[in-house]
Amino acid sequence: MFCPLDVKEFRIDALLGGGLREGQLTELVGSSSSGKTQACLLSASTVAKHKSSVIYLDTGNSFSPQRIARFVGQSSGYVFDNQVDHMLKKVLDRIICYSVFDIYQMFDVLHQLKINLRSEIVKSNQHVRLLIVDSISSLITPILGGSGPQGHALMISAGFLLKKLAHEHNIAVLVTNHVVGGEDGISKPALGESWKSVPHVRLFLSRDCGSNVCNISMLKHPSMASGRAASSTMYL
């Protein structure tokens, strides 16, 4: 099964062969302002419009109801404002946002989510189809300093828990990761080699300064060749 994304706004469906796959973890990698949060908000909006619930873990106060409203208004097809407002209320009610500022808070939210899903306790009795963490790297990077193994162990535990939730409850998991400098000045995903094996799918997002075109390339996919590229217009 796939979680559909709005092809008109963010041409990721064709790149992934149908959209975000439920049961898998997809990672968006990119520098600041590359379009990662835009993709997360658009994904949340699209899934919520299809009458499913979204769990959104916001680590940097970047969740924006105003941007969700713009997506809903652009794609609803409604003529009258009261119809758009009604649809927006329903969409926002289906997106359950948590402010999470360290990895321990994330574990608390995810463990409670696991309990709720097993007990079928979901807001408005709607099926959760999408879990977003924007960004996973901002939670993990602070604990990786020093020579102790605890930070690395917590990172691996976080990845295991996210994939377990995806697999056991048939949820699409979407996380964002920043970039660091690599060899020859070429940017590479943060969090190192150990995290590299966690995502099922890894996409690299980039955007030229002053441009509204987001370039997307495939870094990892279980059934597609790496390097497959697409271009999408972002409305920022």
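Residues numbered from 1 in each chain as written. Predicted model: local features only at pLDDT ≥ 70, side-chain atom pairs only at ≥ 80, totals over all residues. Heavy atoms only, no water.

### Focus on helix H7 (residues 150-169)
Quick reminder: α-helices carry 3.6 residues per turn. Residues three or four places apart thus point the same way. Note the following rule: The way it works is that DSSP assigns letters per residue, a run of H or I at least four long becomes a helix, a run of E at least two long becomes a strand, and they are numbered from the N terminus. In this analysis, the expected span of each helix is defined as 1.5 Å times one less than the number of residues it contains. Throughout, exposure labels follow a simple rule: accessible area from a 1.4 Å probe, protein chains only, divided by the maximum for the residue type, with under 20% read as buried, over 50% as exposed, and the rest as partly exposed. By definition, the arc is the one covered by directions from the helix axis to the C-beta atoms. We call two residues contacting when some pair of their heavy atoms lies within 4.5 Å.
For H7, which comprises 20 residues, the first-to-last C-alpha distance of 28 Å matches the rise-based estimate of 28 Å (1.5 Å per residue) to within 8%. Within H7, the full set of buried residues consists of Gly151, Leu154, Met155, Ala158, Gly159, Leu161, Leu162, Leu165, Ala166 and His169. End-on, the buried residues of H7 take up no more than an arc of 155°, which puts them together on one face. Residues of H7 that are exposed and angled more than 90 degrees away from the buried face: Phe160 and His167. Close packing links the buried residues of H7 with strand S3 (25-30), helix H5 (103-118), strand S6 (128-134), helix H6 (136-140), strand S7 (172-177) and helix H8 (192-196).

### Focus: H5
Between the first and last C-alpha of H5 there are 22 Å, a value that for 16 residues agrees with the 22 Å anticipated at 1.5 Å per step. Those residues of H5 that fall on the buried side of the exposure criterion are Ile103, Met106, Phe107, Val109, Leu110, Leu113, Lys114, Asn116 and Leu117. The elements touched by buried residues of H5 are strand S4 (53-58), strand S5 (95-99), S6, H6 and H7.

### Considering the packing of aromatic side chains
Our working definition: Between rings of Phe, Tyr and Trp, where Trp is taken as its six-membered ring, a pair exists when centres lie within 6.5 Å; planes separated by under 30 degrees are stacked, by over 60 edge-to-face, and by other angles tilted.
Taken as a whole and judged by the stated rule, the model has one aromatic pair. Ring plane angle 65° and centroid distance 5.0 Å describe the contact between tyrosine 56 and phenylalanine 63, whose orientation is recorded as edge-to-face. Taken individually, tyrosine 56 and phenylalanine 63 each receive the classification buried, so the pair is uniform in this respect.

### Focus: unusual backbone geometry
For residues other than glycine, phi is negative in most cases, and the peptide bonds are mostly trans. In the segment running from aspartate 134 into serine 135, the intervening peptide bond is cis, with an omega of 5°. Residue placement: serine 135 occurs in the loop between S6 and H6. Its identity as a non-glycine residue notwithstanding, asparagine 61 has a phi of 55°, on the positive side. Mapped onto the elements of the fold, asparagine 61 is located in the loop between S4 and helix H3 (65-75). Taking the relative accessible area as the measure of exposure, asparagine 61 reaches 60% and is therefore exposed.

### Points about the nonpolar core
So the rule is basically this: Within this scheme, the nonpolar core is defined by two criteria: the residues are buried Ala, Val, Leu, Ile, Met, Phe, Trp, Tyr or Cys, and they are joined through side-chain atoms within 4.5 Å.
The biggest cluster of nonpolar side chains holds 33 residues, and the ones touching the most others in it are Leu57, Ile103, Met106, Leu131, Ile136 and Leu162. Every element with two or more residues in this core is listed here: S4, H5, S6, H6, H7 and S7. Beyond its immediate chain neighbours, meaning those up to four positions away, methionine 106 contacts Leu57, Val100, Val133, Ile136, Leu139 and Ala158. Ala39, Phe63, Leu88 and Val201 belong to the second-largest nonpolar core, a separate cluster that totals 29 residues.

### As for the pairing of S4
For the record, the criterion: What makes two strands pair is DSSP finding at least two bridges between them.
Burial of S4 is extensive: six of the six residues sit out of reach of the surface. Side chains of S4 alternate between two faces, with Ser53, Ile55 and Leu57 and Val54, Tyr56 and Asp58 buried alike. Examined bridge by bridge, S4 and S5 share five bridges and lie parallel to one another. Bridging from a neighbouring strand, tyrosine 56 pairs with cysteine 97 of S5.

### Observations regarding the pairing of S6
Every regular strand shows the same layout, with side chains that alternate between the two sheet faces. Taking burial as the measure, the seven residues of S6 include seven buried ones, the bulk of the element. Both S4 and S6 contribute to a ladder of six bridges, which runs parallel. Looking at the pairing, tyrosine 56 lines up with isoleucine 132 of S6. Pairing of S6 with S7, which is carried by four bridges, proceeds in the parallel orientation. Note on S7: the bridge partner recorded for isoleucine 132 is leucine 174.

### Observations regarding the pattern of salt bridges
Pairing of side chains with opposite charge becomes possible as their charged atoms draw close. Going by this rule: The salt bridge criterion pairs a side-chain nitrogen of Lys or Arg with a carboxyl oxygen of Asp or Glu, the two atoms within 4 Å.
Scanning the entire structure with this criterion turns up five salt bridges. Here arginine 129 and glutamate 22 are joined by a salt bridge, their closest N and O atoms 2.6 Å apart. With arginine 129 in strand S6 and glutamate 22 in the loop between strand S2 (20-21) and S3, this residue pair connects regions lying 107 residues apart in the sequence. For arginine 129, a relative accessible area of 12% puts it in the buried group. For glutamate 22, a relative accessible area of 8% gives the class buried. Across the pair lysine 164 and glutamate 168 runs a salt bridge, and its minimum N-O distance is 2.7 Å. Of this pair, lysine 164 and glutamate 168 both sit in helix H7, four residues apart, which is roughly one turn of the helix. For lysine 164, a relative accessible area of 27% gives the class partly exposed. Each of Arg118, Lys164 and Glu168 takes part in a single network of salt bridges with overlapping partners.

This is a description of form; function is not addressed.
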